[in-house]
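Tertiary structure, described
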Amino acid sequence: MVTRRRMIGAALATGGGVLLLRATVRPAPADAAHTADAHDATGHDAPAHDASAHDDGADPGPDAGPALAPKFAVAMPLAPVLSPVSTDGGTDTYAVTMLKSFARILPGHRTEVLTYNGAFPGPVIRARSGRPVVVRQTNLLDDPVSVHLHGAAVPADSDGGPMNLLDAGDQRTYRYPNDQPHANLWFHDHAHHAESEHVFRGLSGTYLLTDATESDLPLPSGRYDLPIALRDARFDAAGRLVYRMDDPEGRATILANGRPWPKVEVAARKYRLRLLNSSNLRFFSLRLADGGPITWIGSDGGLLERPHTTDTVDLSPGERADVVIDFSRYPVGSSVVLTNSMPPGPAEHIGVVLRFDITRAAHDPSSVPERLRTLPALPAEVARERSIVLTVDETPGAAPRGMIDGKVYDPDRVDAAVAFGTSEIWTVSNGNKDTPHNFHLHLVQFRVLARNGQPPGPEEGGLKDTVRLFPGESVRLQAVFDSYRGRYPYHCHLLDHSAMGMMAQFEVS
C-alpha cells in the first residue's frame with residue numbers, strides 16, 4: 001500500500017492503494033518530433049496474431065524497461081491523425097479497428113500492444129463543434145470492449161459505459177454530435193474489470209474538438225501544436241509489457257507518445273503542448289528543469305478565461321493540461337528537460353519525462369492573449385446538493401474493494417436521479433487516510449467551486465471533467481445536466497480503482 005509517509009516530499013503522491021487480482025484478459029513534421037526508427041509515424045509493424053507478448057503470470061522481477069531504454073536516445077513521434085472515410089451530409093465518418101499489433105517502444109524490441117488502427121500511441125481525431133462525427137468501431141481483439149469518449153456530451157448509447165460492451169468480432173457505430181464548445185478530449189476502453197489492463201496495453205487515443213472561439217486566437221498552431229500523451233509502463237527483459245494491478249512502483253518507464261524518455265526537437269519559439277495523463281495510476285507534477293515559466297491556457301474542457309503563468313503542472317490520471325512554452329528564451333543548440341517530482345518509483349527514472357532540444361531559430365507570429373474566452377455563468381438556481389465519498393478498504397489483508405458512498409458498483413442500481421435541465425452541486429471527498437483518488441463525471445463538463453473549502457487555483461477555474469483528490473481532500477463542483485437523458489457513470493479515474501468497483505451511476509430523466 002502507498003502510505004502517507006511514502007508521499008512526504010511530493011505533496012502526497014499517488015500509487016494505487018490496495019492489491020487486486022488482475023482481470024483475466026485474453027489476450028512528423030519538422031521542428032516537432034520524428035520517429036526513432038525506419039517504421040511509420042506510429043512506430044508499429046504489421047498486426048499481431050499471437051499472444052506471445054502477454055504476461056504469462058510469472059513474477060517478472062524488477063522492471064527491465066529502464067535498462068533497455070537509455071534516456072533521450074529516441075525521438076518522440078507524433079500520433080497519426082485519422083482521416084474520415086466520408087464527409088457526406090455534413091458528418092465526418094471514421095472507420096476504426098481495434099486489434100493487436102507490435103510497436104517499437106524500446107530500442108531493439110517489438111512489444112505486443114492493443115491498438116486502434118494499429119497505432120501506438122493511439123491516433124488523433126480532429127473534430128469541430130457543430131459538425132457531427134461518426135466512428136464505426138470494429139473489435140478484432142479477443143475480449144469485449146467499450147469505447148468511451150472521455151469528456152464528451154453524447155447520447156448514452158454512444159457514451160461507452162462499462163456494461164455497454166462491443167463483443168469480440170462485432171462492430172458498432174458511435175455517434176458524437178459535438179454540440180459542445182472546444183475541448184481536449186480523449187477516448188479509451190471502459191469495459192468493466194478489463195479497462196485497466198486494456199488501457200495499460202494501449203487502448204487510448206486523442207480527440208481534439210475545436211471551434212471558432214479557439215481557432216480564431218493567435219495561439220501556436222500547425223507543427224507548433226503538439227498533443228503529448230504521458231504514461232508509465234513496466235517491461236520485462238524481452239521488452240514485453242507486464243501488467244500487474246496496483247503496480248505503480250514497478251511501472252518505472254515513463255513514456256511520452258509511446259516512447260521512453262524521448263527527445264523532442266523544437267525551434268526557438270512558442271509551442272502549444274496538449275498534455276494528457278493517460279496513466280492508470282500515476283500522478284505527474286511536471287516542471288522544466290530550470291524552473292522556466294509555463295503558460296497554462298486550458299484544461300479538460302478547453303481554454304481558461306485567462307492564461308495562468310506557473311512553473312509546475314500537476315495532472316492526475318485522465319486530466320489534461322493545455323500549455324504554452326516559449327523556447328526562444330533558450331539559445332539554439334541547448335536543451336531543457338521536462339521533469340516529474342511525483343513518486344512513487346526510482347527518482348532517476350520517474351523524475352524525468354522528456355528532453356526538448358532547441359535546434360534552430362524560427363519566426364514566431366503567435367501570441368497568448370490576455371483574454372482567451374468567456375465561460376457561461378453558472379445557474380443561480382440549484383436543484384439539489386449531493387455528497388459523494390470515495391474509499392478503498394485500507395485494512396491490511398482486506399478484500400480489495402473500491403467503493404462510492406460505501407457501495408461497490410452495481411450496473412442495475414441508480415445511485416443518483418437527476419432531473420433533466422437542472423443544475424446540481426456535488427461535494428466529492430476522499431475518505432481514505434493514505435490512498436489517493438480522483439473523480440470523473442461522464443456526460444458533463446463541470447466547474448470547480450471550491451477545493452478543501454477554499455477557492456480553486458486558476459488551473460481549475462475552467463471547465464473540468466476530472467479532478468484530483470489526495471487523502472482527506474474534498475472538491476465542490478457544479479454541473480448542468482441539459483444535454484442528454486439516460487444512465488451515465490461517475491467514478492475514480494485511477495483505473496485500477498474503478499476496475500475494483502469504485503464506480504456508480506446517475507440517471508438523467
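Everything that follows concerns the structure shown earlier in this document.
A short tour of the structure in this document, coming up. Please read all numbers here as calculations on a predicted model, not as lab measurements. (Residues numbered from 1 in each chain as written. Predicted model: local features only at pLDDT ≥ 70, side-chain atom pairs only at ≥ 80, totals over all residues. Heavy atoms only, no water.)

1. Notes on the overall build of the protein chain
A tally of regular secondary structure across the protein chain gives 6 helices and 32 strands. Evaluated residue by residue, the protein chain yields a buried proportion of 61% over its 509 residues. Within the structure as shown, the protein chain displays about 17800 Å² of accessible surface, and the carbon and sulfur contribution to it stands at 51%. (Helix = DSSP H or I, 4+ residues; strand = E, 2+ residues; numbered from the N terminus. Buried < 20%, exposed > 50% of the residue type's maximum accessible area, 1.4 Å probe, protein only. Areas by Shrake-Rupley, 256 points an atom, 1.4 Å probe, with all protein chains shown as cover.)

2. Overview of the packing of aromatic side chains
Applying the stated criterion across every chain yields a total of 16 aromatic pairs. Between the aromatic rings of W426 and Y490, the centroid separation amounts to 5.1 Å while the plane-to-plane angle is 75°, which identifies the pairing as edge-to-face. Taken as a pair, W426 in strand 25 (residues 422-430) and Y490 in strand 31 (residues 486-491) lie far apart in primary sequence, 64 residues in all. There is no split in this pair, since W426 and Y490 are both buried. Through a chain of ring-to-ring contacts, three or more aromatic side chains come together here, namely W426, F439, F481, Y488, Y490 and F506. For R231, the ring lying beneath its charged end belongs to F200, and the centroid distance is 5.2 Å. It is R269 that lies over the ring of Y224; its NZ or CZ is 3.6 Å from the centre. (Phe/Tyr/Trp six-rings, centres within 6.5 Å; stacked < 30°, edge-to-face > 60°. Lys NZ or Arg CZ within 6 Å of the ring centre and 35° of its normal.)

3. Observations concerning the nonpolar core
By size, the foremost hydrophobic cluster in this structure holds 56 residues, and its most contacted members are I228, L273, L286, F327, L354 and F356. The element best represented in this core is strand 21 (residues 352-361), accounting for 5 residues. Discounting residues that sit within four places of it in the chain, L273 has contacts with L226, I228, A321, D322, V323, I325 and F356. Counting residues in hydrophobic clusters, the runner-up holds 35 residues, among them A153, M342, V392 and L494. (Core = buried A, V, L, I, M, F, W, Y, C linked by side-chain atoms within 4.5 Å. Contact = heavy atoms within 4.5 Å.)

4. Thoughts on the pattern of salt bridges
Per the stated rule, a full pass over the model turns up 27 salt bridges. Put simply, R329 and D290 hold a salt bridge, and the shortest N to O gap is 2.8 Å. One end of the pair, R329, is in the loop between strand 19 (320-326) and strand 20 (335-340); the other, D290, is in the loop between strand 15 (284-288) and strand 16 (294-299), with 39 residues separating them in the sequence. With relative accessibility at 44%, the residue R329 sits in the partly exposed group. For D290, a relative accessible area of 40% gives the class partly exposed. For E507, the salt bridge is made with R487, and the minimal N-O distance between the two is 3.4 Å. Here E507 is found in strand 32 (residues 503-508), whereas its partner R487 is found in strand 31, with 20 residues between them in sequence. Salt bridges here are not isolated pairs; linked through shared partners, they connect E214, D225, R272, R274 and D322. (Salt bridge = Lys/Arg side-chain N within 4 Å of Asp/Glu carboxyl O.)

5. Some points on the sheet that holds strand 21
Remark on secondary structure: sheet strands pair via backbone hydrogen bonds, oriented parallel or antiparallel. Pairing in this open sheet of 5 strands is mixed, and the strands run 13-21-20-15-18 from one edge to the other. Of all the strands in the sheet, the pair left with one neighbour each is strand 13 (263-268) and strand 18 (313-315). Here the average twist between neighbouring strands, direction ignored, is 25°. Sheet topology places strand 13 next to strand 21; 6 bridges connect them, and they run parallel. Note that in strand 21 the partner of K263 across the bridge is R355. (Pairing = 2+ DSSP bridges. Axes fitted to C-alpha atoms, helices over the stretch in contact; angles between N-to-C directions.)

6. What about the sheet that holds strand 14 (residues 270-277)?
Here we have 7 strands laid out as an open sheet, ordered 12-11-10-14-19-16-17, and mixed in their pairing. The strands lining the two open edges of the sheet, one partner per strand, are strand 12 (259-260) and strand 17 (302-310). Bridge count between strand 14 and strand 19: 7 bridges; the pairing is antiparallel. Paired with R274 across the two strands is D322, which belongs to strand 19.

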